[in-house]
Amino acid sequence: MTMTELKYMTGFGNTFETEALPNALPRGRNSPQRCNYGLYAEQLSGTAFTMPQATNARSWLYRILPSVKHAREFRRESPGGIRSAPCRESHALPIGAQRWNALPLPPSSQAVNFIEGMTTITTAGDADARSGMAAHVYICNRGMDDAYLFNADGEYLIVPQQGGLRFDTEFGALDARPGDLVVVPRGVVFRVKLLDADARGFICENYGARFALPERGPIGANALASARDFCYPVAAFEERENPGRLWAKWGGDLYSCHLTHSPLDVVAWHGNYAPCKYDLRAFSPVGALAFDHPDPSIFTVLTAPSSTPGVANVDFVIFPERWQVAEDTFRPPWFHRNSMSEFMGLIYGAYDAKPHGMQPGAFTLHNAMLAHGPDAEAFEAASCAELKPVKLENTLAFMFESGLPQRMTKYAATSPQRDVDYADCWRPLKQYFNANDAP
């Protein structure tokens with residue numbers, strides 16, 4: 001099978017086995033004295049060898065050449081717009097709620113690939129300590145061609161907002177369009193091609209424990225994201241000897257080395273450590289059937305736990321199409337202050353808490369314990385609306401929510417896309433208090 005013939009296996013966290021040539025997978029042992037087809041056996045461990053069985057993640061790859069053969073001497077490169085935690089770049093912007101308009105796509109006269117078009121907006125924690133995250137935005141108008149990338153600092157959760165992407169990985173290929181997410185685990189080599197003329201989207205770089213499905217608690221076995229809807233690639237390989245470049249994000253820095261052979265040369269693999277994609281429209285939301293607005297945690301698709309029970313290193317949360325039926329309830333998100341930090345973006349449609357204040361591709365940062373909530377227009381409309389069942393349609397927003405504060409990069413603080421008047425959306429809120437107006 002070639003990289004252009006896409007097939008998938010389903011089931012989040014499952015142990016898979018797949019081969020692009022018959023009998024390429026060894027039977028009964030992981031590392032035989034000699035592999036069929038003259039392949040090399042190589043293990044990719046996503047966790048420590050001694051992690052408990054339930055969280056132990058590794059895959060065996062049977063490849064044309066081992067990874068040590070692909071990489072020559074790495075040299076340090078300019079990071080461009082990419083930053084890693086801890087990052088405390090100097091800027092004059094004080095704390096407060098922030099909003100940015102969508103980053104403009106690169107002009108056709110300027111060729112920008114996925115790596116070159118990645119820009120960091122926030123960081124949290126410490127990449128070396130395997131704690132925290134970074135939120136990036138990417139814009140690109142050309143594929144990576146003979147360039148490849150792996151990230152040793154964390155796993156990438158990629159959310160396309162405009163334009164489709166193809167991820168050619170060591171494990172096979174994945175296609176993703178707006179409305180999908182892709183998870184590329186730490187250390188996995190991949191290449192990004194464009195399915196459309198240009199592309200834009202968001203990336204959560206998770207430094208901590210791997211993303212997993214959240215515990216559903218009293219919800220039970222069903223609803224939210226179902227494991228069966230996550231798609232994994234079947235084995236596919238490139239046998240190409242051609243000049244190329246392998247990029248590595250390691251220790252917060254960017255490195256590269258020359259290649260003489262494609263690193264996407266895995267003919268067969270088995271294990272439970274592999275990239276996957278998920279259609280966010282397959283998410284089954286739950287909500288209030290009587291009254292009150294539930295916490296946004298009910299919209300968690302994936303969670304990366306921290307060492308504190310119940311506190312996420314990072315949650316990936318979405319706000320999809322859904323029915324609203326609660327009685328005597330302020331239905332949009334309420335005004336609140338939160339111990340978590342919230343990086344939010346709009347993929348398409350309108351967001352109910354700011355129906356005219358955010359356009360697709362826009363994003364916000366509401367940091368730990370800093371007040372935020374619906375704008376004045378949304379508050380007035382929701383306070384007076386007839387509370388009949390209403391379906392929110394043509395809407396998809398997401399949130400990278402972390403138990404750690406997110407610090408803006410200098411680029412984010414000085415970007416011309418930052419809405420300097422964002423706080424004005426709350427200025428028209430009126431004082432209705434009247435102590436003599438008894439209910």
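Everything here concerns the structure above.
Structural notes, computed from the coordinates.

Spatially, six strands are ordered β6-β25-β24-β27-β22-β21 in an open sheet, and the strand pairing comes out antiparallel. Sheet topology places β6 (98–100) and β21 (300–305) at the edges, where each strand pairs with a single neighbour. If you compare each strand with its neighbour and ignore which way they point, the axes differ by 15° on average. Strand direction decides the pairing type here: β21 and strand β22 (residues 312–319), joined by five bridges, are antiparallel. By the bridge assignment, L302 is partnered in β22 with F316.

We now examine the sheet that holds strand β3 (residues 40–45). Taken together, the four strands give an open sheet; going across it, the order is β2-β19-β4-β3, and neighbouring strands pair in antiparallel fashion. The two strands at the open ends of the sheet, each matched to only one other strand, are β2 (16–19) and β3. Shown here is a sheet whose adjacent strand axes are inclined to one another by a mean of 20°, direction ignored. Sheet topology places strand β4 (residues 58–63) next to strand β19 (residues 266–271); five bridges connect them, and they run antiparallel. If you follow W60 over to β19, its bridge partner there is H270.

By the definition in use, this model includes 23 aromatic pairs. With 6.0 Å between their ring centres and 40° between their planes, F316 and F400 make a pair best called tilted. Residue F316 is found in strand β22, and its partner F400 is found in strand β27 (residues 395–402); the two are separated by 84 residues along the sequence. One exposure class covers both F316 and F400, and it is buried. Of the aromatic side chains, those joined through ring pairs into one cluster are W100, F202, F316, F343, F363, F398 and F400.

Moving on, we get to the pattern of salt bridges. For the structure on display, the rule yields 25 salt bridges. Linking D153 and K249 is a salt bridge whose minimum nitrogen-to-oxygen distance equals 2.7 Å. Taken together, the positions of D153 in the loop between β9 (147–151) and β10 (155–162) and K249 in strand β17 (residues 244–250) put the pair 96 residues apart, joining distant regions of the chain. When sorted by exposure, D153 lands in the same class as K249, which is buried. The shortest N-O distance in the salt bridge between D196 and R177 comes to 2.9 Å. Placement of the pair is D196 in the loop between β14 (190–194) and β15 (199–206) and R177 in the loop between β12 (172–176) and β13 (180–184), with a sequence separation of 19 residues. Judged by its relative accessible area of 35%, D196 falls in the partly exposed class. Overall, the relative accessible area of 39% leaves R177 in the partly exposed class. Sharing partners across several salt bridges, the network here consists of D146, D168, R191, K193, E238 and R240.

Attention shifts here to the side chain of E42. The topology assignment puts E42 in strand β3. A relative accessible area of 18% places E42 in the buried class. For E42, the side chain forms a polar contact with the side chain of S67, separated by 2.7 Å. The residues contacting E42, other than those within four sequence positions of it, are S59, W60, L61, R63, P66 and S67.

Another aspect to go through is unusual backbone geometry. A cis geometry characterises the amide bond from A85 onward to P86, with omega recorded as 0°. Structurally, P86 is set in the loop between β5 (75–77) and β6. With a phi angle near 80°, A223 is a residue other than glycine that sits in the positive phi range. If you trace the backbone, A223 turns up in the loop between β15 and β16 (230–233). In this structure, M369 takes a positive phi of about 65° despite not being glycine. Locating M369 in the fold gives a position in the loop between β25 (363–366) and α2 (376–384).

About the cut-offs
Residues numbered from 1 in each chain as written. Predicted model: local features only at pLDDT ≥ 70, side-chain atom pairs only at ≥ 80, totals over all residues. Heavy atoms only, no water. Pairing = 2+ DSSP bridges. Helix = DSSP H or I, 4+ residues; strand = E, 2+ residues; numbered from the N terminus. Axes fitted to C-alpha atoms, helices over the stretch in contact; angles between N-to-C directions. Phe/Tyr/Trp six-rings, centres within 6.5 Å; stacked < 30°, edge-to-face > 60°. Buried < 20%, exposed > 50% of the residue type's maximum accessible area, 1.4 Å probe, protein only. Salt bridge = Lys/Arg side-chain N within 4 Å of Asp/Glu carboxyl O. Polar contact = N/O pair within 3.5 Å; in protein donor to acceptor, adjacent residues only side chain to side chain. Contact = heavy atoms within 4.5 Å.

What is shown is where atoms sit, not what they do.
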